[in-house]
Amino acid sequence: MTGLPVLSLLILLPAVGAVLLPFLRAAQTARWCAFVFLFADFLLAVWALVAFDASSAAMQFGEHYSWVPSLGISYRLGVDGISVWFVLLTTLLGWICVLASWTSITTRVQEFMTCLLAMQSLMVGVFCALDMILFYILWEAMLVPMYLIIGIWGGDNRVYAAFKFFLYTLAGSLLFLIGILLLYFNAGQSFDMLALMDADYPLQLQIWVFLAFLVAFAVKVPMVPLHTWLPDAHVQAPTAGSIILAGVLLKMGAYGFLRFSLPMLPDASHYFAPMMIALSSVAIVYGGLLALVQSDIKKLIAYSSVSHMGFITLGLFTFDAMGLSGAVIQMFNHGITTGALFLCVGLIYQRSHSREITAYGGLIKMVPLFGILFAAFLLASMALPGLNGFIGELLVLAGAFGVSGWAGAAGVLGALIGAAYLLGVYRQMLLGPATVPGGAVLGDLNPRELACALPLLLFVIWFGLYPKPFLTILQPSLDQLMIQLTPSAVSP
């Protein structure tokens, strides 16, 4: 396959499926068609990961075509040891979302599957883009299918939640565009991301651009106090929407810090590091406390994401090798674990139509396969040693204690609060007397549902026990980022 435009194929394959699906009449045919396109995309991403040269920090599978030469805009793609993992994560969750929606989405199936395909095409494009305008177009376009997924197939308050999601992210994106243009006019009128990383900017410019980028990325993460759209969006979104939101979209904000703020604006990143560490520490504790008092399981997981994403931004702004490694590992692992938790919530909600935690009890006796998987994902989210959440959280805490005892203490407190609410869910829903909302008779997971959950369990155990392959591919790119993070001797 050497010489093939692998990254373009990864982007175009689901896009072709999205174009074909509206012409299919039968809903079942649309489901199978979406699954085939997205699973093929996943296999291609696996091949790209296997073929990736783990010894190099350079962008690989590069493609470069001039698009608007007069403005310096090009169609430029490439992946490094960081983005190649997020392409894999995106394509893994794509076909799982189709299987998870197989029976829960029964209206406008062709349109729903078209949105999933379009969403995947755009998300993969974001992780592969090396031109700022191309990145921005794909970043903005992602809003549309996600808005439709929440607004059409969501819960009773879906329109409010979709509108709030759209407004928050759109406002952030406009500032992002202003920041891009400031860099463009101060770096020789180029949108080439690699060239922009190599340019030197005055500190004052870096500060203004950092603030513009901060709003855009903080909304996506989301960071406190810009997090209020997330619980509404998660609660109202269908299961597939929640999986994509938690698994991939939240990572876009952290990826923005990694790809733009840190390497392009190293002086401003250091200048604002105390503020970012403080905001991250607040998010860890505040998100955990909000999760602790929730009675709706979807809201609980949504607020836990605010706390867990706080760990990620904390690790990023420690500028420490361990903290940075832990943040990127945590980004991938949070996508796996939280996506799996929303999958489990969707599966049980489809059977009982309730998200109230206290309405359940003894599920591990009634539906043992579901109970075992749900327990594994809860424990992974709690960062139990031997499961995937452990190593990332440990490295972030080690990095945080290296720069600030208060930030490290906030991380430890957040981890303890997380253990409290996750063990509370484990005890209430899985153990004790058997209780089901409305006395419904629950059936255990069927083969299709197991096919959704088992690949996620494989990653939970694999990265928990043997993270070396992940770290081997990641490390050269992180080493390169550490070099780019060195403050320059710029004049204000």
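Residues numbered from 1 in each chain as written. Predicted model: local features only at pLDDT ≥ 70, side-chain atom pairs only at ≥ 80, totals over all residues. Heavy atoms only, no water.

1. Some thoughts on the side chain of Arg448
Here Arg448 lies in helix α19 (residues 447-465). The buried category is assigned to Arg448, whose relative accessible area is 17%. When sequence neighbours within four positions are dropped, the list of residues in contact with Arg448 reads Leu99, Ala100, Trp102 and Thr103. (Helix = DSSP H or I, 4+ residues; strand = E, 2+ residues; numbered from the N terminus. Buried < 20%, exposed > 50% of the residue type's maximum accessible area, 1.4 Å probe, protein only. Contact = heavy atoms within 4.5 Å.)

2. Considering the UniProt feature "domain: NADH:quinone oxidoreductase/Mrp antiporter transmembrane" (unreviewed entry) in the protein
With numbering matched to this structure, UniProt assigns "domain: NADH:quinone oxidoreductase/Mrp antiporter transmembrane" (unreviewed entry) to residues 129-417. With 81% helix and 0% strand, residues 129-417 has end C-alpha atoms that lie 38 Å from one another. (UniProt positions renumbered as here; feature names shortened; annotations may be inferred.)

3. Topic: the packing of helix α4 (residues 109-128) against helix α6 (residues 143-153)
Two quantities define a packed helix pair, namely the angle between the helix axes and the distance between the axes. Look at α4 against α6: their axes get within 9 Å of each other, and the N-to-C directions meet at 150°. The angle between α4 and α6 places the two elements in the roughly antiparallel class. Along this stretch, α4 crosses α6, giving a crossing that reads as left-handed. Within the contact between the two elements, α4 uses Glu111, Phe112, Cys115, Leu116, Met119 and Leu122 and α6 uses Pro145, Met146, Leu148, Ile149 and Trp153. Partitioned by chemical class, the residues of the contact of α4 with α6 number 10 nonpolar, no polar and 1 charged. (Axes fitted to C-alpha atoms, helices over the stretch in contact; angles between N-to-C directions. Parallel < 35°, antiparallel > 145°, perpendicular 65-115°, else oblique. Left-handed = near helix turned anticlockwise from the far one by under 90°. Nonpolar A, V, L, I, M, F, W, Y, C, P; charged D, E, K, R; others polar.)

4. Description of the packing of aromatic side chains
Aromatic rings considered in pairs are described by the distance between their centres and by the relative angle of their planes. In total, this model carries 47 aromatic pairs according to the counting rule given. With a centroid separation of 6.5 Å and an interplanar angle of 50°, the aromatic rings of Phe52 and Phe61 are classed as tilted. Note on Phe52: relative accessible area 6%, which makes it buried. Each ring, one from Phe217 and one from Phe260, has its centre 6.1 Å from the other, and the planes form 15°; the classification is stacked. Note that Phe217 is positioned in helix α9 (residues 203-220) and Phe260 in helix α11 (residues 239-264), a separation of 43 residues in sequence. By relative accessible area, which is 0% here, Phe217 ends up buried. When the ring centre of Tyr349 is taken as origin, the NZ or CZ atom of Arg355, which lies over that ring, is 5.6 Å away. (Phe/Tyr/Trp six-rings, centres within 6.5 Å; stacked < 30°, edge-to-face > 60°. Lys NZ or Arg CZ within 6 Å of the ring centre and 35° of its normal.)

5. Quick look at the pattern of salt bridges
Tallied over the entire structure, the rule returns 6 salt bridges. Ionic pairing is found between Glu449 and Arg351, a salt bridge with its closest N-O pair at 2.7 Å. With a gap of 98 residues between them, Glu449 in helix α19 and Arg351 in helix α14 (residues 321-352) connect regions that are remote in the sequence. Taking relative accessible area as the criterion, Glu449 reaches 3% and is therefore assigned buried. For Arg351, a relative accessible area of 23% puts it in the partly exposed group. Three or more residues are tied together by salt bridges with common partners; here these are Arg351, Arg448 and Glu449. (Salt bridge = Lys/Arg side-chain N within 4 Å of Asp/Glu carboxyl O.)

6. Re helix α5 (residues 132-141)
Buried residues dominate α5, accounting for 8 of its 10 residues. Every buried residue belonging to α5 is among Met132, Ile133, Leu134, Phe135, Tyr136, Leu138, Trp139 and Glu140, and all of these are buried. Where α5 begins, the side chain of Asp131 points an oxygen toward the backbone nitrogen of Ile133, at a separation of 3.0 Å. (Polar contact = N/O pair within 3.5 Å; in protein donor to acceptor, adjacent residues only side chain to side chain.)

7. Considerations on the layout of surface pockets
Within this model, the largest pocket holds a volume of roughly 500 Å³. As for the largest pocket, its lining consists of 25 residues, of which Ser104, Trp153, Pro238, Thr239 and Tyr349 are closest to the centre. Of all the secondary-structure elements, those providing two or more residues to the lining of the largest pocket are α6, α10 (229-236), α11 and α14. A total of 5 residues in the lining of the largest pocket trace back to one element, the largest contributor, which is α14. (1 Å grid on protein atoms, 1.4 Å probe; cavity = no way out; pocket = protein on both sides within 12 Å on 5 of 7 lines; lining within 4 Å. Points joined across faces, edges and corners; volume = space filled by probe spheres on them.)

8. Some words on the environment of Met193
Turning to its location among the elements, Met193 is positioned in helix α8 (residues 193-198). Overall, the relative accessible area of 0% leaves Met193 in the buried class. The spatial distance from the C-alpha of Met193 to the C-alpha of Phe342 is 34 Å, given a sequence separation of 149 residues. When sequence neighbours within four positions are dropped, the list of residues in contact with Met193 reads Ala129, Leu130, Asp131, Met132, Phe135, Arg259, Phe260 and Met264.

9. Observations concerning a nonpolar patch on the surface
The grouping of Leu458, Ile461, Trp462, Leu465 and Tyr466 at the surface amounts to a nonpolar patch, some 510 Å² of accessible area in total. Considering the arrangement of structural elements, one finds Leu465 in helix α19. Under the relative-accessibility criterion, Leu465 is labelled exposed at 61%. (Patch = residues over 30% accessible without salt bridge, like charges linked within 9 Å, V, L, I, M, F, W, Y side chains within 5 Å. Areas by Shrake-Rupley, 256 points an atom, 1.4 Å probe, with all protein chains shown as cover.)

10. Some details on unusual backbone geometry
Cis geometry is adopted by the peptide bond preceding Pro222, which originates at Val221 and carries an omega value of -10°. Tracing the chain through its elements places Pro222 in the loop between α9 and α10. Residue Pro225 is reached from Val224 by a cis peptide bond, and omega for that bond is 15°. Relative to the assigned elements, Pro225 resides in the loop between α9 and α10. With a phi close to 60°, His353 is a non-glycine residue in the positive phi region. By the secondary structure assignment, His353 is in the loop between α14 and α15 (363-366). Given a relative accessible area of 59%, His353 falls into the exposed group. The residue Ala383 is not glycine, and still its phi comes out positive at about 65°. Mapped onto the secondary structure, Ala383 falls in the loop between α16 (368-381) and α17 (389-403).

11. Focus on the packing of α14 against helix α20 (residues 468-484)
Two numbers describe how α14 lies on α20: the axes approach to 10 Å, and their chain directions differ by 130°. As far as their axial angle goes, α20 and α14 are oblique. The handedness of the crossing between α14 and α20 comes out as right-handed. Two secondary-structure elements touch here, α14 through Ala321, Leu324, Ser325, Val328, Ile329 and Phe332 and α20 through Phe470, Leu471, Leu474, Gln475, Leu478, Leu481 and Met482. The residue inventory of the contact of α14 with α20, partitioned by class, reads 11 nonpolar, 2 polar and no charged.

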